[in-house]
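Residue-level structure breakdown
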Amino acid sequence: MGERRKPYPFDQIEPKWQALWDECCAFRAPNPGEGDFDPSKPKFYILDMFPYPSGAGLHVGHPEGYTATDIVSRYKRMCGFNVLHPMGWDAFGLPAEQYAIKTGQHPAVTTRENIAKFKTQLKRIGFSYDWNREISTADPEYFRWTQWIFLQIYNSWFNPSTQKAEPISTYRGTDPDSVRLAYVANVAVNWCPELGTVLANEEVIDGKSEVGGFPVVRRPMRQWMLRITAFAERLIAELDGLDWPEGIKLLQRNWIGRSEGAEVVFRVVPSSESETDADIAVFTTRADTLYGATYLILAPENPLVDQTTRPEKREAVTAYREEVAAKSDLERTDLAKEKTGLFIGAYAVNPVNSERIPIWIADYVVMGYGTGAIMAVPAHDERDFDFAQKFKLPIRRVVAAEVRSNDGANPAASTRPVVCTSGEGFAINSPLIDGLPTSAAQAKIIAWLEQNGHGRRDVRYKLRDWLFSRQRYWGEPFPIVWRDGKHEALPESKLPLTAPDLKDFKPTGTGEPPLAKAKDWLRYSEAAFRETNTMPQWAGSCWYYLRFCDPTNNDRFVGEEAERYWIGGESSGFRVRSSESSSPETRTLNPEPLSMPGGVDLYVGGTEHAVLHLLYARFWHKVLFDLGYLSKPEPFQRLVNQGMILGEDGRKMSKRWGNVIDPLDVIAEYGADAFRCYEMFMGPLEQMKPWSMKGVEGVSRFLARVWRLMMEESQAGHWLLSPEIEEIAPDKRELKVLHATVKKVTEDIEALSFNTAISQMMILVNAFTNAPVKPLSAMRTLLVLLNPFAPHLTSELWQKLQLKFGESEGAITDQSWPAYDEKLLVEDEVEIVIQVNGKLRDRIVVPLTASESEVEAAALANPKVHELTIGKTIRKVVVVPKKLVNIVAS
RNA sequence: GCCAGGGUGGCGAAAUUGGCAGACGCGCCAGACUUAGGAUCUGGUGGAGCAAUCCUUAGGGGUUCGAGUCCCCUCCCUGGUACCA
């Protein structure tokens with residue numbers, strides 16, 4: 001393959017402008033209080049999900065979202081906003097640590113190298129980040145504040161009466177450690193022997209680690225937990241005010257898994273002698289089926305099993321519990337089809353009918369949800385039904401599809417296979433609630449339980465507390481020391497607490513973190529030792545969007561003034577303006593002042609973070625908000641997920657298929673502007689779509705046409721400004737397409753429909769391509785519109801126009817976004833479609849001012865209409881102004 | 001299983017409140033300019049048919065003067081999730 005002639009000299013233009021932008025910090029966003037800060041401008045905060053700087057470098061998926069946000073950023077700047085558009089690095093993480101284990105190279109070195117590589121690549125795409133705000137989560141000046149926030153969490157509790165996080169000093173109880181938002185618990189954790197660490201539930205997929213796919217087993221260990229469950233209610237409720245895709249909100253709601261129901265207390269029947277009374281509380285969402293409860297099941301791990309098991313069953317129960325404990329999570333779910341369990345010899349009393357029912361244990365009941373015990377209603381629960389079938393337990397129907405009388409005065413439970421129906425209906429065989437529909441029956445039963453002291457209304461969540469410690473080296477150390485078996489916070493003055501330099505990063509294998517190997521570091525004082533766990537990778541990304549507001553502040557995690565402006569600022573939001581509302585006064589007005597709970601105006605990233613990162617960040621944000629550090633209750637107002645880019649073969653890009661596209665290769669051949677525009681032209685941002693090199697070529701041809709619209713090549717092969725550009729007014733047709741383009745591009749950027757914005761600009765360029773004379777004003781408008789998409793090309797052409805026409809309007813990036821005139825878009829004649837019986841038959845052109853009756857008359861006079869309606873009666877004529885006439889005949 | 005999002009030419013895709021289906025681009029065909037074309041420009045391009053005309057938005061039904069768009073059923077694809085009581 002020989003040296004290919006470039007369609008336009010992007011290889012000279014692009015590095016030139018990139019160097020220029022770098023030199024003069026063209027996209028620096030000044031903070032309140034700085035000399036060049038303009039307080040009259042509204043703020044706009046546009047954030048990308050920052051990358052983990054892996055050794056592989058950038059792939060085409062990264063720049064998709066980044067290009068989208070860059071376009072919006074450049075556009076918003078021209079609309080007169082102070083735009084905060086930063087980039088940084090999620091720099092702690094397992095790959096660097098594993099590389100260190102293999103090679104001995106310190107993760108800090110690897111990370112530094114990878115960051116440098118990523119940064120060079122991002123700059124080569126021409127993104128308008130404010131690089132002065134660059135941050136890395138692994139930088140001590142950053143994680144010092146991550147540790148500081150942890151201490152805020154540690155020193156807080158959730159006050160149920162205010163539903164807020166408050167300083168621990170407001171807690172009046174005797175044991176503050178029992179209510180802290182960060183606490184230590186000995187919990188059964190997901191231990192991954194291969195990785196030598198525990199993992200959060202969210203990091204375990206099908207019983208294997210999300211990273212590496214290694215087996216994970218349950219094992220009790222002492223761990224740091226964050227009390228995210230206290231915020232469950234607010235994390236659900238406060239989604240409402242956010243402009244997120246409904247699907248993502250739903251994903252979060254499901255993850256939190258709020259269930260309304262009742263706790264019902266069953267009394268255990270005392271057997272003999274010294275038996276103390278015991279109660280078993282179960283959680284149910286179907287209190288209305290209480291009469292159908294024919295047995296109870298305890299989770300094998302439930303401590304109540306010890307007290308309740310009858311002596312004669314003890315041996316069998318112990319064996320079963322051991323069997324269950326030996327199973328990994330994978331096995332336990334894999335063997336889901338065949339249920340196992342064991343009668344423990346004891347009985348409990350159903351409070352509603354005083355019936356004695358047997359108590360079983362079974363591993364399909366888990367300890368981590370509800371009370372670790374259930375009432376089994378086999379007639380109306382699929383799982384209980386399977387279990388009852390297998391162990392020949394009684395089944396009693398208590399819900400019918402329609403209102404009807406009971407099965408009999410004394411409803412006998414049956415073991416014959418009846419059909420299991422889990423839907424709602426009407427209560428039967430349930431004296432207190434017979435005939436009532438499910439919801440009313442539930443309400444009545446719960447009221448009865450409450451009155452008689454047998455239970456109460458209850459709300460449970462699937463969400464568990466966040467397991468926050470990891471047995472790793474490359475993460476934030478906890479600012480905690482242990483003294484006499486008790487934890488205490490390190491004073492703030494000791495932050496940042498950096499990890500010791502290790503030579504050997506290998507996991508100890510015992511569950512002891514690598515930091516335990518640093519004996520000197522470990523010893524805090526004579527009597528106190530440091531915590532050796534580190535924080536999970538999520539920690540740094542929980543608050544990075546806050547640090548971007550004030551990244552070099554040495555006194556505070558973010559300065560108050562900066563926070564109030566960038567996070568608390570109210571004058572944000574997406575609005576489309578036309579010429580009528582384009583004055584600066586109206587532009588800064590916010591139509592819905594307090595309706596936006598989120599601080600970041602636009603947040604773009606992949607769906608893979610739909611629950612974890614976004615939930616954790618919301619949680620931290622709410623704690624800091626409650627403690628008075630932040631002005632708004634939510635971090636991200638508008639969230640958009642970009643779709644994945646597939647390989648040319650339609651498969652997921654991977655080394656395995658050999659279909660990986662390297663952005664730098666594309667840029668070398670077609671230029672960064674073409675790369676950016678193609679990524680946006682491919683299709684809707686949120687959609688999954690395959691890459692196409694032919695498509696890149698097409699977009700590259702479009703940019704070359706823009707270039708040749710204003711430049712022509714001399715005999716000697718030099719590019720010179722086209723003499724066809726003149727300072728004349730565009731004609732009517734040109735003006736119309738120009739204003740139509742301004743309108744469409746403006747609206748499409750606001751809607752993030754970049755593909756259709758580019759289409760419209762192609763139409764504009766095509767309209768001017770053959771014009772003998774190109775009006776200067778139109779060319780300038782085109783360049784401004786295209787600038788957010790193709791910043792290098794448009795900057796160069798703008799400069800060339802400036803040189804010749806000499807008007808001192810400044811650089812293209814200083815221009816204000818053009819307004820359009822709606823009046824110019826209106827035709828004075830309009831084409832009307834004529835349909836007969838809904839089928840297109842002809843078109844006519846009528847003046848815009850034509851009345852409905854005139855249009856109708858014109859349509860009926862149409863020869864084609866005559867032809868088709870001969871011998872038929874015209875039943876109806878539908879006239880849609882400016883659109884069509886439909887003649888109904890039969 | 002369940003939940004969510006999708007199915008429109010040979011391909012990527014457009015299509016305010018229901019109102020000309022296929023904008024724009026790719027590919028393909030033809031022409032122009034050229035020593036040349038893998039450059040550029042011009043025209044054509046959903047399918048069938050010589051034509052008039054007919055058919056066409058996964059498939060089937062419905063509402064409507066009129067449906068890619070609204071309602072019901074079925075099929076297929078993608079993502080998430082799975083004993084959560």
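Here the structure is shown first, and the text comes after it.
Cut-offs and rules
- Counting of residues starts from 1 at the beginning of each chain's written sequence and follows it residue by residue.
- Whichever chain is written first is A, and whichever ligand is written first is 1; the rest continue in order.
- Local features in a predicted model are, by the rule used here, given only for residues with pLDDT of at least 70; side-chain atom pairs are given and counted only at 80 or more, and totals for whole chains, interfaces and linings are based on all residues.
- Note: side-chain values were computed over all heavy atoms of the structure, leaving out hydrogens and water.
- Here is the rule: rings of Phe, Tyr and Trp (six-membered ring for Trp) pair when centre to centre is within 6.5 Å. Planes less than 30 degrees apart are stacked, more than 60 are edge-to-face, and the remainder are tilted.
- Put simply, DSSP H or I for four residues or longer makes a helix, DSSP E for two residues or longer makes a strand, and each gets a number counted from the N terminus.
- For every residue, the accessible area obtained with a 1.4 Å probe (protein chains only) is divided by the maximum for its type, and the residue is called buried under 20%, exposed over 50%, and partly exposed between those limits.
- Simply put, an axis is a line fit to the C-alpha atoms, just over the touching stretch for a helix, and the angle between two N-to-C directions goes from 0 to 180 degrees.
- Oblique is the label for every angle not falling under 35 degrees (roughly parallel), over 145 degrees (roughly antiparallel), or within 65 to 115 degrees (roughly perpendicular).
- Note: crossing handedness is left-handed where the near helix turns anticlockwise from the far helix by less than a right angle, and right-handed where it turns clockwise.
- Contact criterion: two residues are considered in contact whenever any of their non-hydrogen atoms come within 4.5 Å of each other.
- Any residue with a heavy atom lying within 4 Å of a molecule or strand is counted as near it.
- The definition of a polar contact used here is a pair of N or O atoms within 3.5 Å, where within protein one atom must be able to donate a hydrogen and the other to accept one, and adjacent residues in sequence count solely through side-chain atom pairs.
- Each residue gets one of three labels, nonpolar for Ala, Val, Leu, Ile, Met, Phe, Trp, Tyr, Cys and Pro, charged for Asp, Glu, Lys and Arg, and polar for the others, Gly among them.
- Multiplying 1.5 Å by the helix residue count minus one yields the expected span of that helix.

What follows deals with the packing of aromatic side chains. Aromatic rings considered in pairs are described by the distance between their centres and by the relative angle of their planes. Tallying each qualifying case throughout the model produces 55 aromatic pairs. For the pair phenylalanine 44 and phenylalanine 81, a centre-to-centre distance of 5.6 Å together with 75° between the ring planes defines the contact as edge-to-face. In this pair, phenylalanine 44 sits in strand 1 (residues 43-48) while phenylalanine 81 sits in the loop between helix 2 (62-78) and strand 2 (82-84), placing the two residues 37 residues apart along the sequence. For phenylalanine 44, a relative accessible area of 0% gives the class buried.

Time to look at the packing of helix 22 (residues 732-750) against helix 24 (residues 776-786). One way to put it is that helix 22 packs onto helix 24 with a least axis distance of 11 Å and a crossing angle of 15°. Between helix 22 and helix 24, the angle is such that the two are roughly parallel. Classified by chirality, the crossing of helix 24 by helix 22 is left-handed. In this structure, helix 22 contributes Leu738, Thr741, Val742 and Val745 to the contact, and helix 24 contributes Ala778, Thr781 and Leu785.

With that out of the way, let us pick up the protein's contact with RNA strand B. Among the 50 residues in the neighbourhood of RNA strand B, the closest are listed as Thr285, Tyr369, Arg383, Asn770 and Arg843. The sugar-phosphate share of atoms of RNA strand B within 4 Å of the protein amounts to 65%. The contact in question runs from a sugar or linking oxygen of RNA strand B to an N or O atom on the side chain of threonine 284, over 3.3 Å. Contacts to RNA strand B include tyrosine 364, whose backbone N or O atom sits 3.2 Å from a sugar or linking oxygen. Top contributing element to the surface near RNA strand B by residue count: helix 23 (residues 754-769), with six residues. Of the residues assigned to the surface near RNA strand B, the class counts are 20 nonpolar, 13 polar and 17 charged.

In a regular helix each residue adds 1.5 Å, so 19 residues correspond to 27 Å; helix 22 covers 27 Å between its end C-alpha atoms and thus fits that length. Turning to helix 22, its buried residues are Glu734, Val737, Leu738, His739, Thr741, Val742, Val745, Thr746, Asp748, Ile749 and Glu750. If you follow the buried residues of helix 22, they end up packed against helix 2, helix 23, strand 34 (774-775), helix 24 and helix 26 (822-825). A positive phi of about 60° marks leucine 752, the residue just after helix 22.

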